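So you can see what is in the structure, the chains are spelled out below.
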Amino acid sequence: MIAPANTVYLVDDDPSVLKALERLLRQAGFEVQSFASSRTFFAQHDPATPGCAVLDIAIDETDGLEIQRSLAESGCERPIVFLTGRGDIPMSVRAMRAGAVNFLTKPVATDELLATVRLALEKDFMIRRDRAEVDSIMRRVETLTPRETEVLRHVISGRLNKQIAADLGTVEKTIKVHRARVMQKLAVRSLAELVRLAERVKIGPRSAPARHS
Amino acid sequence: VRRWFGRLERPRVVWRVLCWCVALALAGSAAVASGADAAKQVLVVYTNQNAVRAMTVIDAALRRELKSHLSNGIDIFTEFLDAERFPGSEQAAIAEEYLRAKYAKRSLDLVIAAGPDALKFLMQRRASLFPGIPLIFGGVAEQTAQALSLPPETVGVIGRYDPEPTVDLALRLQPDARHLFVVTGASKFDRSWEEKARRALHSYEGRLDIRYLSGLPMSELTQELGNLPERSIVLYLSMFQDGAGKDFVPGDVIEQVAKTANAPVYAVYDLMVGRGVVGGSINSYESLAISMAQLGLRVLAGERPTTSFLAQPTNIVDWRQMKRWGLRESKLPPGSVVQFREPSLWEAYWPQIVFVVALLILQSFLIVAMILQDARRRRAEREVALWRQELTHLARVATLGELSGAVAHELNQPLTAILSNAGAARLILEQKGSDFGELQEILADIAADATRGGEIIQHLRTLFSKAALRSQPLVLNEVVLEALKLVHNDLVARRVVAVSSLAPELPRVRGDRVQLQQVLLNLIHNACDAMVENAPGERKLVVSTATDENATRISVTDHGTGIREDRLSSLFQPFFTTKSRGLGLGLSICRSIIEAHGGSLWAFNNPGRGATFCVSLPADGGGRL
């Protein structure tokens, strides 16, 4: 496994808790950035830096759940671990539904915390890797001409070249050329691969053909 | 038709009855008229003028007695010879003529002579003036009666006027008396009294030094009487005239004598008692008159008694004079009459006294009842105080219960720090070449957090404890900050922003830290409840302290819904609640806590939004603590 980017954003308004957690995470080998309030966190947070966030759920006027929402709204998919002194079930449900990695109750066992942080970092890594992959696909998709994109959509819909040619009002041969060029541009060798790739970047099949099928 | 007759017959009956009534009334009045014809006619001739009180007393008693026994009525005529002032046979002749002329047309049934001169006068002229009319007499001394050699059919009440019984009485009352002063005047009657006294009192010479103050001018007499030696007795007999030839009424003289004499004065005549004399052995005019009347009634009834009877003197004393001279009632001979006894307090005011005593007894009962009630009330109050303490504690526990989440979190913080630090330390120790500096720091932090946890528990324990009210000097700001710290997590969880605005130089107040915090927790809790419906950004709570010379104040201001005006007054009553959950005891307990501190707790709506609860505590820490 590739070593995950290991920055942990730590937010807790209790100085001694903040200090102890930071110390533990550092000793466990993580890069730690600690904040005493949501405000200072937002001021210094860089969504681009890989890593996860460990948030006290009741920090100050902006609580942990709001930080989670704000991050989500800004498109940042940083995994979040919640710490709470008095987590109630509805709150934890909300947190988990909103994508939290875990919802830990204070006082939290060291191993559990470290394991959860690792999990979160791994998740972050995955997300970032995933996103990087999608980005590279997108870049390749963007090289396609509109005609090629149209052909691609027909192809992943499972239509034959002949049918596509009929739909687009051209000859089968031309479709074949387009298809080969799409395969080449997107660096795929099989139809299956092409379908999977299109799925990753949310290029859907052609919507119309249903009536011919 | 018959009906008509019936109607006509009824007035006839009425008419008949009316006639009978008139006849009866006429017969009655006729009977009354014939009775008036039978009324007895009695003439009373008095020796003296009618201004001499003896005469008036006798007259009144005589009339009363006669009239009360004669049912058919009686006509009483009175004549006053005034013989003392108008002596001599010439005057007597004038009186005779007058009486003859006056009573010529009267048919008298009885003539009564009152006093010696009247008796003498009538005895001499009886045959010509009132022939055949029975005569009786009274108020005549034994010697006088004898001297007159009365016929046997002339009877009366004979009086004895001796000085000895009076001197005996005086000696009984004043056993240590050494001097006796006998006062008489210059008139003939007075002189006769002096002679009588000299004879009668001869036997007392050995025991008493007797001096006769006879026939002195009034001024000289008063002079003498004012300078009497100690242990003296004054015996006043009679004074119709003094040495200077001035006429007196003896009864008037006695007052002056009694007033000027510096020794007790005794007298022998009735009516002098009450005018300054101690008393004497006296034939009372009242009893004399009654005896005369009884004798007169017998004569009027047709009886002809043949023997006179002797009036018995009585010892009569004036209670007031006894008191004045310090003479003791116990020394009086038996059968003595004590007059003018001022009624004792009891006699005079017994209804009032009974009333007052009853009132006092009632009051005492009331007081006892009230004391008992008070004791019961005190006991009840003690019980109530105990219950209130219990309730206060329960309320506090309940408040803390509501804060339990926050409290747990409060405790979780240091525990989390400790666990994390311990974990970090373990990781350090797992590495080669451990960083001891870091380890030391970690251990110090762990210790600090453990201490912090301990403090939280300690604080909780005091809040949970059931200790009685404990007064100590407090810095109110600290109390406020501690309370805010305790609820901090709760406030955060409820998205309430608490702002404290504390006056810098607060005087210390005396009070119970735990209970004051309980009040604050309660008020803060209520404030938060009031802001539940606010948008999260508008849940602002201000806790402020302030002071003036009299009191120190803590205010808890919220921006919530406020209090409905009609609820402001009942807010602090037990079991008043606006919450769906809750007993409604919180504020009533808060108020009782603050009142036990000698302070007050009240609430008002803010001009803008929400309400403020104010706790005022006396600056000097006064109150009942």
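Residues numbered from 1 in each chain as written. Chains lettered and ligands numbered in written order. Predicted model: local features only at pLDDT ≥ 70, side-chain atom pairs only at ≥ 80, totals over all residues. Heavy atoms only, no water.

Focus on the overall build of chain B
Within chain B, the regular secondary structure consists of 17 helices and 20 strands. Looking at the 625 residues of chain B, the share that counts as buried comes to 45%. Restricting to contacts in chain B with at least 6 residues of sequence separation, those with at least 24 account for 71%. Accessible area for chain B stands at about 33100 Å²; split by element, carbon and sulfur atoms hold 56% of it. (Helix = DSSP H or I, 4+ residues; strand = E, 2+ residues; numbered from the N terminus. Buried < 20%, exposed > 50% of the residue type's maximum accessible area, 1.4 Å probe, protein only. Contact = heavy atoms within 4.5 Å. Areas by Shrake-Rupley, 256 points an atom, 1.4 Å probe, with all protein chains shown as cover.)

Remarks on the packing of aromatic side chains
In this structure the tally under the stated criterion is 12 aromatic pairs over all chains. Look at B:Tyr46 and B:Phe80: their rings are 4.9 Å apart centre to centre, the planes differ by 15°, and that puts the pair in the stacked class. Of the two residues, B:Tyr46 is situated in strand β1 (residues 40-46) and B:Phe80 in strand β2 (residues 74-80); the sequence distance between them amounts to 34 residues. On the basis of relative accessible area, B:Tyr46 is assigned to the buried category, the value being 0%. B:Phe80 gets classed as partly exposed once you look at its relative accessible area, which sits at 27%. Ring pairs connect the aromatic residues A:Tyr9, A:Phe35, A:Phe41 and A:Phe42, which therefore count as one cluster. Over the aromatic face of B:Phe340 sits the side chain of B:Arg320, whose NZ or CZ is 4.3 Å from the ring centroid. (Phe/Tyr/Trp six-rings, centres within 6.5 Å; stacked < 30°, edge-to-face > 60°. Lys NZ or Arg CZ within 6 Å of the ring centre and 35° of its normal.)

Looking at the confidence of the model for chain A
Caution applies to low-pLDDT parts of the model: their predicted coordinates are not meant to be read in detail. Here chain A averages 84 in pLDDT, and 91% of its residues register 70 or above. Contacts of residues 208-213 of chain A to residues separated by more than four positions or lying in other chains number two contacts, the stretch itself having pLDDT below 50. (pLDDT = per-residue confidence, 0-100.)

Points about the packing of helix α6 (residues 146-156) of chain A against helix α8 (residues 172-185) of chain A
What describes two packed helices is the angle between their axes and the distance between those same axes. All names here are of chain A. For the pair α6 and α8, the least separation of the axes is 9 Å and the interaxial angle reads 90°. Looking at the two axes, α6 sits roughly perpendicular to α8. Between α6 and α8, the residues in contact are Arg147, Glu148, Val151, Leu152 and Val155 and Ile175, His178, Arg179, Arg181, Val182 and Lys185, respectively. Per-class residue counts for the contact of α6 with α8 are five nonpolar, one polar and five charged. (Axes fitted to C-alpha atoms, helices over the stretch in contact; angles between N-to-C directions. Parallel < 35°, antiparallel > 145°, perpendicular 65-115°, else oblique. Nonpolar A, V, L, I, M, F, W, Y, C, P; charged D, E, K, R; others polar.)

As for the pairing of β2(B)
Residues and elements named next belong to chain B. In this sheet, β2 lies alongside β1 in parallel orientation, the contact comprising seven bridges. Residue pairing in the sheet places Lys40 in a bridge with Ile74 of β2. The β-α-β motif built from β1, the intervening helix α2 (residues 53-69) and the parallel element β2 has right-handed crossover chirality. (Pairing = 2+ DSSP bridges. Right-handed = clockwise from strand over helix to strand, strands pointing away.)

Overview of the interface of chain A and chain B
Between chain A and chain B, the residue contacts involve 28 residues of the former and 29 residues of the latter. In total, about 2300 Å² of surface goes out of reach between chain A and chain B, with carbon and sulfur atoms giving 49% of it. At the boundary of chain A and chain B, one finds eight salt bridges. At the boundary of chain A and chain B, one finds 15 residue pairs in polar contact (both at pLDDT 80 or more). (Buried area = accessible area lost by both parts, 1.4 Å probe. Salt bridge = Lys/Arg side-chain N within 4 Å of Asp/Glu carboxyl O. Polar contact = N/O pair within 3.5 Å; in protein donor to acceptor, adjacent residues only side chain to side chain.)

Observations concerning the environment of A:Lys202
Mapped onto the fold, A:Lys202 is located in the segment after α9 (191-200). Along the chain, A:Lys202 and A:Val134 lie 68 residues apart, while their C-alpha atoms are 9.6 Å from each other.

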